[in-house]
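Commentary on secondary and tertiary structure
Take a look at the letters that make up each chain.
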Amino acid sequence: THGLQHLLYVQPVTVIYSPPAGTDRRFYGWWGDMDFAPHLLAVLARPGGAVTVVLHPPIAVEAAADRKVLAAACEAAVRSAHPRGRISPAPPEAP
């Protein structure tokens with residue numbers, strides 16, 4: 001092992017957004033040419049919804065053969081906590 005790899009860990013984190021009842025499942029999404037300020041104000045003004053943050057066990061950098069193996073382990077941890085067991089595809093571009 002080189003340098004400090006034996007001391008380094010990566011912290012996988014899953015963030016799950018649950019939109020307010022009656023809204024599009026992409027309610028919290030911000031993409032394409034959407035203006036940020038109006039979107040943020042709409043999100044903050046709408047009651048309901050939730051954000052769940054799951055901290056997974058840290059993964060030792062030295063436990064992975066390379067960065068791709070480490071990334072795959074982090075991805076597996078994140079996906080394991082997602083309600084559907086997978087990450088939803090990116091939302092379509094706004095018209």
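Please refer to the structure placed before this passage.
Remember, predicted model here, so these are calculated numbers, not experimental data. (Residues numbered from 1 in each chain as written. Predicted model: local features only at pLDDT ≥ 70, side-chain atom pairs only at ≥ 80, totals over all residues. Heavy atoms only, no water.)

The next thing to look at is the nonpolar core. Formed by Ile59, Val61, Ala64, Leu70 and Cys74, the largest nonpolar core amounts to 5 residues. Not counting the four nearest positions on each side in its chain, Cys74 is found in contact with Val10, Pro12 and Ile59. (Core = buried A, V, L, I, M, F, W, Y, C linked by side-chain atoms within 4.5 Å. Buried < 20%, exposed > 50% of the residue type's maximum accessible area, 1.4 Å probe, protein only. Contact = heavy atoms within 4.5 Å.)

It is worth spelling out the pattern of salt bridges at this point. A pair can form between side chains of opposite charge whenever their charged atoms are brought close. According to the stated counting rule, one finds 2 salt bridges in the structure shown. Between Arg26 and Asp24 there is a salt bridge; the shortest N-O distance is 3.0 Å. Given a relative accessible area of 30%, Arg26 falls into the partly exposed group. Note on Asp24: relative accessible area 39%, which makes it partly exposed. Arg79 serves as the salt-bridge partner of Glu75, at 2.7 Å between the closest nitrogen and oxygen. Taken together, the positions of Glu75 and Arg79, both in helix H2 (residues 67–81) and 4 residues apart, correspond to about one turn of that helix. When its relative accessible area of 41% is taken as the criterion, Glu75 is described as partly exposed. (Salt bridge = Lys/Arg side-chain N within 4 Å of Asp/Glu carboxyl O. Helix = DSSP H or I, 4+ residues; strand = E, 2+ residues; numbered from the N terminus.)

Taken as a whole and judged by the stated rule, the model has 3 aromatic pairs. When the centroid spacing of 5.1 Å and the interplanar angle of 75° are considered together, the rings of Phe27 and Tyr28 count as edge-to-face. Every member of this aromatic cluster is reached through a ring pair, and the members are Tyr17, Phe27 and Tyr28. (Phe/Tyr/Trp six-rings, centres within 6.5 Å; stacked < 30°, edge-to-face > 60°.)

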